[in-house]
Amino acid sequence: EGTESKSQAVFLKLAKYQSATGNTAAALENYRIVLQKDPQRVLTAIEFAKTLVRAGELQEADSIYAALSERYPKNANFVYEQGVIREMQQDSTAIDFFKEANHLDNTHQEALFKLSRHELQQRQYNMAIFYSMMGLDHNGQNASLLSILAQSYVRQEKYKLAIAPFETIVALGQGNEFVHSRLGF
């Protein structure tokens, strides 16, 4: 048994190294070996799923996240990752996964960004502001959410309200031509 766990550790180290150096096929093979011997390794399953996504094997990655979501129903990140996969597949159900992730964890910054961006694109500015503010209440320096917030205000022609989020973006060193041009308004 001791030798078997050592060999699993070797396969796992190999998989991580191979994944980091771009040898994705070999990494996937080694992750599969480890998980076949011990399917309960959650962190290994997560790394395996991430590597599958990078390799474009989205269906298998999705099934791993689905299984993890089933085992850990309160983990928002597994649901969020399923949404990311759906988004990569241009599947409109992605937004439902982001909403579910937000329901499980209303501080999930990435899910709140996806939701606020979606609402901005749908011209639902008040909802974009709502999701942005929800995330900013927990991390007031999230430049992505600040940008969505400011853009929502601009599109509603509430230019004075847009100034503070744009200035915060600049103060964070995240200013770009778009931000500076909007501040000049």
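Structure shown above.
Since we're looking at a predicted model, the values are computed, not measured.

Trainee: Which residues make up the overall build of the protein chain, and what values go with them?
Mentor: The helix and strand inventory of the protein chain stands at 11 helices and zero strands. Listing every helix and strand of the protein chain by position from the N terminus yields α-α-α-α-α-α-α-α-α-α-α. Radius of gyration (C-alpha) of the protein chain: 20 Å, far over the 16 Å computed for a compact globule of 185 residues. Residues counted as buried form 42% of the 185 residues belonging to the protein chain. By sequence separation, contacts in the protein chain at least 24 residues apart represent 38% of the contacts at least 6 residues apart. When the accessible surface of the protein chain is summed, it comes to about 10,600 Å², and 49% of that surface belongs to carbon and sulfur atoms. Of the charged side chains in the protein chain, 19 are positive and 21 negative, and the gap between their average positions amounts to 3 Å.

Trainee: Go over unusual backbone geometry, please, and point to the residues and values.
Mentor: Not every positive phi belongs to a glycine, and Gln90 is a case in point at roughly 55 degrees. Within the element layout of this structure, Gln90 appears in the loop between α5 (76-88) and α6 (94-104). Here the phi dihedral of Arg123 falls at roughly 60 degrees; this positive angle occurs in a residue that is not glycine. By secondary structure assignment, the location of Arg123 is in the loop between α7 (109-121) and α8 (125-136).

Trainee: How would you explain the side chain of Ser19 if you had to name every residue and give the values?
Mentor: Structurally, Ser19 is set in helix α1 (residues 2-20). The buried category is assigned to Ser19, whose relative accessible area is 13%. If sequence neighbours within four positions are ignored, Ser19 has contacts with Ala27, Tyr31, Thr51 and Arg54.

Trainee: Describe the environment of Thr51, with residues and values.
Mentor: Looking at the secondary structure, you find Thr51 in helix α3 (residues 42-54). A C-alpha to C-alpha distance of 16 Å links Thr51 and Tyr80, two positions 29 residues apart in sequence. Beyond its immediate sequence surroundings of up to four residues, Thr51 is in contact with Ser19, Thr24, Ala27, Leu28 and Tyr31. At 2.8 Å, the side chain of Thr51 and the backbone oxygen of Glu47 are in polar contact.

Trainee: So what's going on with the packing of α5 against α6? Which residues, and what values?
Mentor: Running from amino to carboxyl end, α5 crosses α6 at an angle of 165 degrees, the nearest separation of the two axes being 8 Å. Classified by the angle their axes make, α5 and α6 are roughly antiparallel. Like other packed secondary-structure pairs, α5 and α6 cross with a definite hand, here left-handed. Taken together, the residues of α6 that come into contact with α5 (itself represented by Ala76, Val79, Tyr80, Gln82, Gly83, Val84, Arg86 and Glu87) are Ala94, Phe97, Phe98, Glu100, Ala101 and Leu104.

Trainee: Mind laying out the nonpolar core, listing which residues take part and the relevant values?
Mentor: Of all hydrophobic cores here, the largest spans 21 residues; its most connected members are Phe48, Ile64 and Leu68. Contributions of two or more residues to this core are made by α1, α2 (24-37), α3, α4 (58-71) and α5. Per element, the largest residue contribution to this core is seven residues, and it comes from α3. Contact partners of Phe48, with chain neighbours within four places excluded, come to Leu28, Tyr31, Arg32, Leu35, Glu60 and Ile64. With 14 residues, the next largest nonpolar core counts Ala76, Val79, Phe98 and Leu115 among its residues.

Trainee: I'd like a rundown of the packing of aromatic side chains, residues and numbers included.
Mentor: Overall, the coordinates contain four aromatic pairs when judged by the stated rule. With a centroid separation of 6.1 Å and 50 degrees between ring planes, the pair formed by Tyr31 and Phe48 is classed as tilted. In this pair, Tyr31 sits in helix α2 while Phe48 sits in helix α3, placing the two residues 17 residues apart along the sequence. Across the pair, exposure class does not vary: Tyr31 and Phe48 are buried alike.

Criteria and cut-off values
Within each chain, residue numbers correspond to sequence positions counted from 1 in written order. Where totals are concerned, whole chains, interfaces and linings use all residues; where local detail is concerned, this predicted model gives features only for residues with pLDDT of at least 70, and gives and counts side-chain atom pairs only at 80 or more. Excluding hydrogens and water, the side-chain figures rest on all heavy atoms present in the structure. For helices the rule is a DSSP run of H or I covering at least 4 residues; for strands it is a run of E covering at least 2, with both sets numbered from the N terminus onward. The size measure is the radius of gyration over C-alpha atoms, and the globule rule it meets is 2.2 Å times the number of residues to the 0.38 power. For every residue, the accessible area obtained with a 1.4 Å probe (protein chains only) is divided by the maximum for its type, and the residue is called buried under 20%, exposed over 50%, and partly exposed between those limits. Residue contacts are counted whenever heavy atoms from the two residues lie within 4.5 Å of one another. Each accessible area value is a Shrake-Rupley result obtained with a 1.4 Å probe; residue values ignore everything except the protein chains displayed when judging cover. A residue counts as positive if it is Lys or Arg and as negative if it is Asp or Glu; His and the chain ends are not included. We put the charge of a Lys on NZ, of an Arg on CZ, of an Asp on CG and of a Glu on CD. N or O atoms within 3.5 Å of each other form a polar contact, as long as, within protein, one can give a hydrogen and the other can take it, and as long as residues adjacent in sequence are counted only when both atoms are side-chain atoms. For helices, the fitted line uses only the C-alpha atoms of the stretch in contact; every axis is such a line through C-alpha atoms, and the angle between N-to-C directions lies from 0 to 180 degrees. Any angle that falls under 35 degrees is termed roughly parallel, while one over 145 is termed roughly antiparallel, one within 65 to 115 roughly perpendicular, and all others oblique. Left-handed describes a crossing whose near helix is turned anticlockwise from the far helix through less than a right angle; right-handed describes the clockwise counterpart. The set of buried Ala, Val, Leu, Ile, Met, Phe, Trp, Tyr and Cys residues whose side-chain atoms join them within 4.5 Å is what this entry labels a nonpolar core. Only Phe, Tyr and Trp rings are paired, with Trp represented by its six-membered ring, and only when their centres lie within 6.5 Å; those with planes under 30 degrees apart are stacked, over 60 edge-to-face, the remainder tilted.

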